[in-house]
Amino acid sequence: MSADLIIVEDEDITRRLLELKAKDFGFRPVSFESAEEALGFINDEIKVILLDLRLPGMSGFGLLETLGKEHPGLPSVVLTAANKAEDAVKAMKLGAFDYLTKPFDPGELFECLRMATRLREVHRENDALRESIATPVTNDGFVAEAEVSKAMLGRAERVAVLDSTILLTGESGSGKGALARHIHGLSKRSEKPFVTVSCPALPRELLESELFGHEKGAFTGALKRRIGKIESARGGTLFLDEIGDLPLDLQPKLLNVLQDRRYQRVGSEEWLDSDFRLIAATNIDFEEKIESGEFREDLYYRLSVIPLELPPLRERPADIPPLVERSLSRISKQRGGAALKVESAAMKALTNFRWPGNVRQLENILERSSAFCEGQTIRLTDLPPSFRKQNEEKKQSNLPKGLAGLTLSQIEAEAIRQTLEACQGNKSEAARRLGIAEKTIYNKMSRHNIDIS
Ligand SMILES: Nc1ncnc2c1ncn2[C@@H]1O[C@H](COP(=O)(O)OP(=O)(O)OP(=O)(O)O)[C@@H](O)[C@H]1O
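Since the structure is predicted, the reported quantities are computational estimates derived from the model, not experimental observations.

J.: Looking at this model, I keep getting lost on the overall build of the protein chain. Mind explaining?
T.: Along its length, the protein chain carries 19 helices and 14 strands. The buried share among the 453 residues of the protein chain stands at 32%. Of all intrachain contacts in the protein chain linking residues separated by at least 6 positions in sequence, the fraction that spans at least 24 positions is 67%.

J.: How should the site of the ligand be read in this particular structure?
T.: Around the ligand, 17 residues are found, and the nearest of them are Val143, Gly175, Lys176, Gly177 and Val359. At the level of elements, helix H7 (176–186) and helix H15 (358–372) are the ones that each hand at least two residues to the shell around the ligand. In terms of residue class, the shell around the ligand is built from five nonpolar, seven polar and five charged. Here the shell around the ligand spans two domains, since at least three of its residues come from each of domain 2 (147–311) and domain 3 (314–398).

J.: In this structure, what is going on with unusual backbone geometry? I would like to understand it.
T.: Leaving glycine aside, a negative phi is the common case for residues, and trans is the common case for peptide bonds. Note the cis peptide between Lys102 and Pro103, where omega equals -5°. Among the structural elements, Pro103 can be located in the loop between strand E5 (98–101) and helix H5 (106–134).

J.: Is there a simple way to think about the nonpolar core in this case?
T.: The nonpolar side chains of soluble globular proteins are, as a tendency, buried together. With 38 residues, the main nonpolar core has Leu168, Ile230, Leu238, Leu240, Ile279 and Ala280 as its most contacted residues. Top contributing element to this core by residue count: strand E11 (residues 277–282), with four residues. Residue contacts for Ile230: discarding those within four places in its chain leaves Leu211, Phe212, Leu238, Val257, Tyr263, Ser274 and Phe276. If you look at the next biggest cluster of nonpolar residues, it comprises 33 residues, including Leu5, Ile7, Ala35 and Ala116.

J.: Can you help me understand the pairing of strand E3 (residues 48–51) in this one?
T.: Consecutive side chains of a regular strand alternate in pointing toward one face of the sheet and then the other. Side chains Val48 and Leu50 of E3 all project onto a buried face; the interleaved residues Ile49 and Leu51 project onto the opposite face, where all are buried too. Pairing analysis gives four bridges linking strand E1 (residues 5–8) to E3, with the strands arranged parallel. Among the inter-strand pairings, Val8 is bridged to a residue of E3, identified as Leu51. By the bridge criterion, three bridges tie E3 to strand E4 (residues 76–80) in an arrangement that is parallel. Note on E4: the bridge partner recorded for Leu50 is Val77. Read as a crossover between parallel neighbours, the route from E3 over helix H3 (residues 60–70) to E4 is right-handed.

J.: Can you help me understand helix H13 (residues 320–335) in this one?
T.: Note on helix geometry: an α-helix contains 3.6 residues per turn, so any two residues three or four positions apart are oriented the same way. When the terminal C-alpha atoms of H13 are compared, their 22 Å separation across 16 residues agrees well with the 22 Å that a helix rising 1.5 Å per residue should span. All buried positions along H13 are accounted for by Ile320, Leu323, Val324, Ser327 and Leu328. The arc that holds the buried residues of H13, viewed along the axis, is 125°, so those residues lie on one side. Phi turns positive, to about 65°, at Gly336, one or two residues after H13.

J.: I'm lost on the sheet that holds E4 in this one. Help?
T.: Read across the open sheet, the five strands follow the order E2-E1-E3-E4-E5; overall the sheet is parallel. In the strand order of this sheet, the two ends are held by strand E2 (29–32) and E5, each with one partner. Each strand of the sheet is rotated relative to its neighbour by a mean of 20°, with strand direction disregarded.

J.: Explain helix H19 (residues 438–447) to me, please; I cannot follow it from the model alone.
T.: When you tally the buried positions in H19, you get one out of 10 residues, a small fraction of the element. Where H19 ends, the next residue or the one after it, Asn449, has phi of about 60°, a positive value.

J.: Sorry, what's going on with the environment of Pro200 here?
T.: Along the polypeptide, Pro200 turns up in the loop between strand E7 (194–198) and helix H8 (204–212). Since 13 C-beta atoms lie within 10 Å of it, Pro200 is described here as partly exposed. Pro200 sits 45 residues away from Asp245 along the chain, and the two C-alpha atoms are 5.6 Å apart.

J.: Even after reading the chapter, I still don't get the pairing of E11, so can you show me in this structure?
T.: Burial analysis of E11 places six of its six residues in the buried class, the great majority of the element. Burial of the side chains of E11 extends over both faces: Arg277, Ile279 and Ala281 are buried on one face and Leu278, Ala280 and Thr282 on the other. Note that strand E8 (residues 237–241) and E11 share four bridges and pair parallel. Directly across from Phe239, in E11, lies its bridge partner Ile279.

J.: What should I look at first to understand the packing of helix H6 (residues 147–160) against H7 in this one?
T.: A pair of packed helices can be characterised by two numbers: the angle between their axes and the separation between those axes. The N-to-C vectors of H6 and H7 enclose an angle of 40°; their axes lie 8 Å apart at closest approach. The angle between H6 and H7 falls in the class oblique. Seen from above, H6 lies across H7 with right-handed handedness. Contacts between H6 and H7 involve Ala156, Glu157 and Ala160 from the first element and Leu179, Ile183 and Leu186 from the second. For the contact of H6 with H7, the per-class residue count stands at five nonpolar, no polar and one charged.

J.: Help me understand the sheet that holds E8 in this model?
T.: Note: strands within a sheet are paired through backbone hydrogen bonds, in either parallel or antiparallel orientation. Spatially, E7-E8-E11-E6-E12 is the arrangement adopted by the five strands of the open sheet, whose pairing is parallel. The strands lining the two open edges of the sheet, one partner per strand, are E7 and strand E12 (306–309). Shown here is a sheet whose adjacent strand axes are inclined to one another by a mean of 20°, direction ignored. The pairing of strand E6 (residues 166–169) with E11 spans four bridges and is parallel. Across the sheet, the residue bridging to Ile166 is Ile279, located in E11.

Procedures and definitions
- Residues numbered from 1 in each chain as written.
- Predicted model: local features only at pLDDT ≥ 70, side-chain atom pairs only at ≥ 80, totals over all residues.
- Helix = DSSP H or I, 4+ residues; strand = E, 2+ residues; numbered from the N terminus.
- Buried ≥ 20, exposed ≤ 12 C-beta atoms within 10 Å, placed from the backbone.
- Contact = placed C-beta atoms within 7 Å.
- Near = placed C-beta within 6 Å.
- Nonpolar A, V, L, I, M, F, W, Y, C, P; charged D, E, K, R; others polar.
- Domains from an automatic or database assignment.
- Core = buried A, V, L, I, M, F, W, Y, C linked by C-beta atoms within 7 Å.
- Pairing = 2+ DSSP bridges.
- Right-handed = clockwise from strand over helix to strand, strands pointing away.
- Expected span 1.5 Å × (residues − 1).
- Arc of directions from axis to C-beta.
- Axes fitted to C-alpha atoms, helices over the stretch in contact; angles between N-to-C directions.
- Parallel < 35°, antiparallel > 145°, perpendicular 65-115°, else oblique.
- Left-handed = near helix turned anticlockwise from the far one by under 90°.

Note that all results are geometric; they support no functional claim without further evidence.
Written out as structure tokens, the structure is:
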């Protein structure tokens, strides 16, 4: 069984006595004569260090200093022969949990070590909580008014209580993150952390250590051990956003954790157990990535145990009024002002809009418009000009009669513009939907002077 207490004491008899007593009090001790040896032994199982101040080589003070820098969450208790006030003050300043003097009372000493151990657990819980605060869990209602949203939410709520992996798909800003938090909030893991990792946000090496953690010295710049998000998510939910961007060589590592529930920190041989529910999200088409060899098919099947698709906002206009209401009430709360409203013409325009950026875009527009509107009511004229223009264009293009009088070239240009918008500027996807070659869309864009940047 691995040790959980390190004793650093150069006096043979005291060291052996401490070891015996530690076992009596339920600890699993390992002891060393020097600070250097103890430092070399520290691993994740160690919960507390008991040290003498007078040691050969590095002193107890040196050890405390190094622990503070390299293992900040690991508590230490000083046990020394000299009862000197200035030593006690110095040790505490260097981060010692307590300072006791010899001869020691075993009951008092080991109670103190137990309290220090509890401190380490609190540190870890704090780290995990900090992670979950960085991505707050909002259980104040996931809006689903449209029939298609209600059906999707119904499925999500049914599977929330199971522990299965969920794959959320949908355009950017359509609410994958919000839904993941909602599912977490309804799961049996809701009291534990909800931890998000955005796969494209970090370069490969950093992403690996972000997920799995690393040992000190695992790579240049790894100055101390770092706990990964898998560990921070212990007991809770890990939300992997934009999973399609997970680098190919990290995919087997993730697959391993999902299969065996075990993983290794970067630079460590030790296997650690994991305990998290995975929710992954993507706005790309996996088929293409699998076909091109950029995404492993076996990992895809592991991820999509329960697939849930979020429809784009333009396909569920009934969601728009309640989403507007929810956003405005958040904004007025943040600003500490009176309630904000939207006049009916503006609400109609918002409901008719195509929303290429989905709910995120809706929230941004409301934030901006409410900052400039007069009084507490957002009017049509408060919405951005580009938004109003597109809204009119949409109205026109929706009317079959509106096409009369347009040249074929204008209709073609409009079709390309709208398709590009629907595909968020992705030209190969737009070409696919229009049924033309990718090269052709570039030619046509240049001919019609279409600039979507
Ligand atoms: N159904 C909903 N109810 C309430 N709020 C929502 C809903 N859908 C989205 N939102 C809000 O819209 C914003 C964007 O949503 P979110 O970040 O979840 O989108 P996403 O699909 O994860 O985007 P991306 O793919 O870019 O990561 C967030 O502020 C989120 O809270």
